[in-house]
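This is what each chain is made of:
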Amino acid sequence: MELSVNVLSWLGQPKKAVTAQTIKFNRFNLTFNSRCKLKPGQLILLNIAMGIHSLREVSARVESCERCGPHYQAQVRFVLERPDKQPYREAITILKAIEQTVPASLRAPLHMQAL
């Protein structure tokens, strides 16, 4: 799985993407290692690609971020609704497709979602 993180500036503009390593993934959340120190509650943008499926700049909110050796391990939850509270159906469909193609070693069980 290819993964990169865009941290948003204080003006809401995405900064340069930083590559990250996927630890666990499901259609609701993602755990990854990167060199970005993130704050709980912070909104970030993720670029995800797996096989023929890809998503660019999907929003996610940081649930937790802890130092893990030379990197930081972050757990994020995807933000999959538009400002009008309607779901992003296309993004949800692609996340489900990616979840089905991810190797079992990276797949997080749905019952272990972050709350």
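Bear in mind that the values here come from a model prediction, so they are computed numbers and not experimental data.

*Asks:* Please give an account of helix α1 (residues 89–101) that cites residues and values.
*Replies:* Given a rise of 1.5 Å per residue, 13 residues ought to cover 18 Å, and the 19 Å separating the end C-alpha atoms of α1 matches this to within 8%. Inspection of α1 places Ala91, Leu95, Ala97, Ile98 and Glu99 among the buried residues, and these make up the whole buried set. Summarising the contacts, the buried residues of α1 are in contact with β3 (21–25), β5 (43–50), β6 (53–68) and β7 (71–78).

*Asks:* Break down the packing of aromatic side chains for me, citing the residues and quoting the values.
*Replies:* Under the definition given, this model contains one aromatic pair. Pairing phenylalanine 25 with phenylalanine 78 gives two aromatic rings, centres 6.1 Å apart and planes at 65°, and the pair type is edge-to-face. Of the two residues, phenylalanine 25 sits in strand β3 while phenylalanine 78 sits in strand β7, which places them 53 residues apart along the sequence. Each member of the pair, phenylalanine 25 as well as phenylalanine 78, is classed as buried. Just above the ring of tyrosine 72 sits the side chain of arginine 67; from NZ or CZ to the centre is 4.8 Å.

*Asks:* Hey, could you go over the sheet that holds strand β4 (residues 29–34) for me, with residue numbers and the actual values?
*Replies:* Read from one edge to the other, the open sheet built from seven strands follows the order β2-β1-β5-β6-β7-β4-β3, with strand pairing classed as antiparallel. Each end of this open sheet is capped by a strand with a single partner; those strands are β2 (18–19) and β3. The sheet contact formed by strand β1 (residues 2–7) and β2 spans two bridges and is antiparallel. Paired with valine 5 across the strands is valine 18, a residue of β2. Where α1 meets the sheet, its contacts fall on β3, β5, β6 and β7, and the angle it forms with β6 comes to roughly 70°.

*Asks:* So, the state of the cysteines: which residues are in play, and what are the values?
*Replies:* Inspection of every chain in the model, using the stated rule, returns zero disulfides. A disulfide-free cysteine, cysteine 36 has its sulfur positioned 8.5 Å from the sulfur of cysteine 65, the nearest such atom. Of all cysteine sulfurs, the one in cysteine 65 lies closest to cysteine 68, which takes part in no disulfide; the gap is 10 Å. According to the relative accessible area criterion, cysteine 68 is partly exposed, its value standing at 33%.

*Asks:* Outline the side chain of glutamate 99, listing residues and values.
*Replies:* As for its position among the elements, glutamate 99 is in helix α1. Among the residues examined, glutamate 99 registers a relative accessible area of 6% and is labelled buried. The contact partners of glutamate 99, leaving out residues within four places of it in the chain, are Phe25, Asn26, Arg27, Arg107 and Leu110.

*Asks:* Would you mind going over the environment of isoleucine 23 in detail, with residue names and values included?
*Replies:* Along the chain, the position of isoleucine 23 falls in strand β3. With a relative accessible area of 26%, isoleucine 23 lands in the partly exposed category. Sequence-wise, isoleucine 23 and glutamine 73 are 50 residues apart; in three dimensions their C-alpha atoms are separated by 8.7 Å. Residue contacts for isoleucine 23: discarding those within four places in its chain leaves Thr31, Phe32, Asn33, Ser105 and Leu106.

Reading the values: the criteria
- Along every chain, residues carry numbers that run from 1 in the direction the sequence is written.
- Selection of residues for local features in this predicted model requires a pLDDT of at least 70, selection of side-chain atom pairs for listing and counting requires 80 or more, and totals for whole chains, interfaces and linings are taken over all residues.
- Just so you know, side-chain values use all the structure's heavy atoms and leave hydrogens and water out.
- Comment: elements are numbered from the N terminus, with helices defined as DSSP H or I runs of at least four residues and strands as E runs of at least two.
- In this analysis, the expected span of each helix is defined as 1.5 Å times one less than the number of residues it contains.
- Each residue gets one of three labels from its accessible area relative to the maximum for its type: buried under 20%, exposed over 50%, partly exposed in between, using a 1.4 Å probe on protein chains only.
- Any two residues whose heavy atoms approach within 4.5 Å at even a single point are treated as in contact.
- Any two of the Phe, Tyr and Trp rings considered here, Trp counted by its six-membered ring, make a pair once their centres fall within 6.5 Å; the pair's planes then place it as stacked at under 30 degrees, edge-to-face at over 60, or tilted in between.
- In this analysis the charged atom, NZ for Lys or CZ for Arg, is taken to sit over a ring once it is within 6 Å of the ring centre and within 35 degrees of the ring normal.
- For two strands to be treated as a pair, DSSP must find no fewer than two bridges joining them.
- Structural elements are reduced to axes, namely lines fitted to C-alpha atoms, with helices fitted over the stretch in contact, and the angle between N-to-C directions of any two is expressed from 0 to 180 degrees.
- What counts as a disulfide here is a pair of cysteine sulfur atoms lying within 2.5 Å.

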